Amino acid sequence: MKKVISCAMFVCILAGCYTPLNNSGVATTKSWLEISARKNDFEGRQYDSCYRFNVRFWPQEAANELDLQESCISSCCWRSDKEEVVLDFNKNFERDLARYGKARQYTPAKITLKVNHANWLNTTRVTVSPKNSITSNGLIKLAYRTVDNPTRIAQLKQQEQLAAARQATPKTVPQTTRITKTTTTTTKTIVNTTSTDPAKTLVQRVAGSKIDSYFYDMNKRYNKQGAVFLLSERLLHVQPTSDTTALVSCTAKARTGLDAEHLNASTFPCGQWQVNLTTQSVTPFDQRAQLIWGM
């Protein structure tokens, strides 16, 4: 009898004491590890499975730093193709700091997940490093600090001022070329009649609703976790690339926290947008803008 009890305890320890079966009939050591499908040989032994990490994030926007499909979060991954997944939350830190003048730096910077399967227990196991970086119910809670690049912030502000001055002062067309450039001059005159920066106006008109939807969905995700997301102003920084084109960087100010009494000021990037004033077109330039554009 003692041997039976000891054996049962040993099996429980190996299985991580969490063995409810998934829909595929496979037990897992974590409640947030799901097995969507499996492959068995002719003797019924599993030789492969498709797993997914059903995890959540705090703060929610940390998920934006990951490719959720490649990270086996939004879709399952076959174990034979990928037994180890690294969630790198600071992968884009240097890029965003150079691009926007502000960026978040998360701790832990990386979380490593390793998946393996024990046929004799019919159990799929996942090990997490750092060990306690994911709670038992699948919450990845990260600490972070916002890092500023004063030089880049000043540069963006200067570029915006130069763009505003350029748009406010129409160029004088030489007499010898005035006839051949009538169409171009007329187009510029129409654009310059607005009192605000035309590149900003165009981004707001073409992509503004999509950017609003992006933050609306972010607010819903915060509310779903019982947290607070208060969006304030949205800022557009213009970087001219020619007389009629520009790169517009979008950021938004917000306050977030676990409750209304403990809010932290945050800055959220909302993409870089390529603007053509001649064709009145706006196209997403970076990955964040592409994500927003596809919403």
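Below, the structure is looked at part by part. This is a predicted model, so every value here is computed, not measured.

As a further point, take the sheet that holds strand 8 (residues 110-118). If you walk across this open sheet you meet the four strands as 1-9-8-6, and the pairing is mixed. Unpaired on one side and paired on the other, strand 1 (27-28) and strand 6 (84-88) mark the two borders of the sheet. Where strand 8 and strand 9 (residues 123-129) come together, seven bridges link them in antiparallel fashion. Following the sheet pairing, Asn-116 is matched in strand 9 by Arg-125.

Moving on, we get to the nonpolar core. One finds Ile-211, Phe-215, Trp-273 and Val-275 to be the most contacted residues of the largest nonpolar core, which totals 28 residues. Of all elements in the fold, only helix 5 (198-224), strand 12 (228-240), strand 13 (245-259), strand 14 (262-276) and helix 6 (287-293) reach the threshold of two or more residues within this core. Counting 26 residues, the second largest nonpolar core, distinct from the first, contains Val-55, Phe-89, Val-115 and Val-126.

This model, assessed by the stated rule, comprises ten salt bridges. Between Arg-95 and Asp-96 there is a salt bridge whose closest N-O contact spans 3.0 Å. Across the pair Asp-212 and Arg-234 runs a salt bridge whose closest N-O atoms are separated by 2.5 Å. In this pair, Asp-212 sits in helix 5 while Arg-234 sits in strand 12, placing the two residues 22 residues apart along the sequence.

Within the open sheet, the four strands sit side by side as 12-13-14-15. Their pairing is antiparallel. The sheet terminates laterally at strand 12 and strand 15 (281-284), the two strands that pair on one side only. The average undirected angle you get between the axes of adjacent strands in this sheet is 30 degrees. Note that strand 13 and strand 14 share twelve bridges and pair antiparallel. In the sheet register, Leu-247 faces strand 14, and the bridge partner there is Gln-274. Packed on one face of the sheet, helix 2 (residues 93-100) meets strand 13 and strand 14 and runs near 75 degrees to strand 14. Helix 5 rests against strand 12, strand 13, strand 14 and strand 15 of the sheet, and its axis sits at about 155 degrees to strand 12.

The subject of this paragraph is helix 5. In this model helix 5 runs 38 Å from its N-terminal to its C-terminal C-alpha over 27 residues, within 8% of the 39 Å that 1.5 Å per residue would give. Where helix 5 bends most, at Ala-207, the angle is about 65 degrees. Among the residues of helix 5, those classed as buried are Pro-198, Ala-199, Leu-202, Val-203, Ala-207, Gly-208, Ile-211, Tyr-214, Phe-215, Met-218 and Tyr-222. The N-cap residue of helix 5 is Asp-197: its side-chain oxygen and the backbone nitrogen of Ala-199 are 2.8 Å apart. In the stretch just after helix 5, Gly-226 is the one whose phi turns positive, near 75 degrees.

What follows deals with the environment of Asp-67. Relative to the elements of secondary structure, Asp-67 occurs in the loop between strand 4 (56-58) and strand 5 (77-78). In this structure the C-alpha to C-alpha distance between Asp-67 and Asp-88, which are 21 residues apart in sequence, comes to 9.7 Å. Side-chain polar atoms of Asp-67 contact the backbone nitrogen of Gln-69, separated by 3.1 Å. Among the polar contacts listed, one links the side chain of Asp-67 to the backbone nitrogen of Glu-70, at a separation of 3.1 Å.

Criteria and thresholds
Residues numbered from 1 in each chain as written. Predicted model: local features only at pLDDT ≥ 70, side-chain atom pairs only at ≥ 80, totals over all residues. Heavy atoms only, no water. Pairing = 2+ DSSP bridges. Helix = DSSP H or I, 4+ residues; strand = E, 2+ residues; numbered from the N terminus. Core = buried A, V, L, I, M, F, W, Y, C linked by side-chain atoms within 4.5 Å. Buried < 20%, exposed > 50% of the residue type's maximum accessible area, 1.4 Å probe, protein only. Salt bridge = Lys/Arg side-chain N within 4 Å of Asp/Glu carboxyl O. Axes fitted to C-alpha atoms, helices over the stretch in contact; angles between N-to-C directions. Contact = heavy atoms within 4.5 Å. Expected span 1.5 Å × (residues − 1). Bend = angle between axes of the 7 residues up to and from the residue. Polar contact = N/O pair within 3.5 Å; in protein donor to acceptor, adjacent residues only side chain to side chain.

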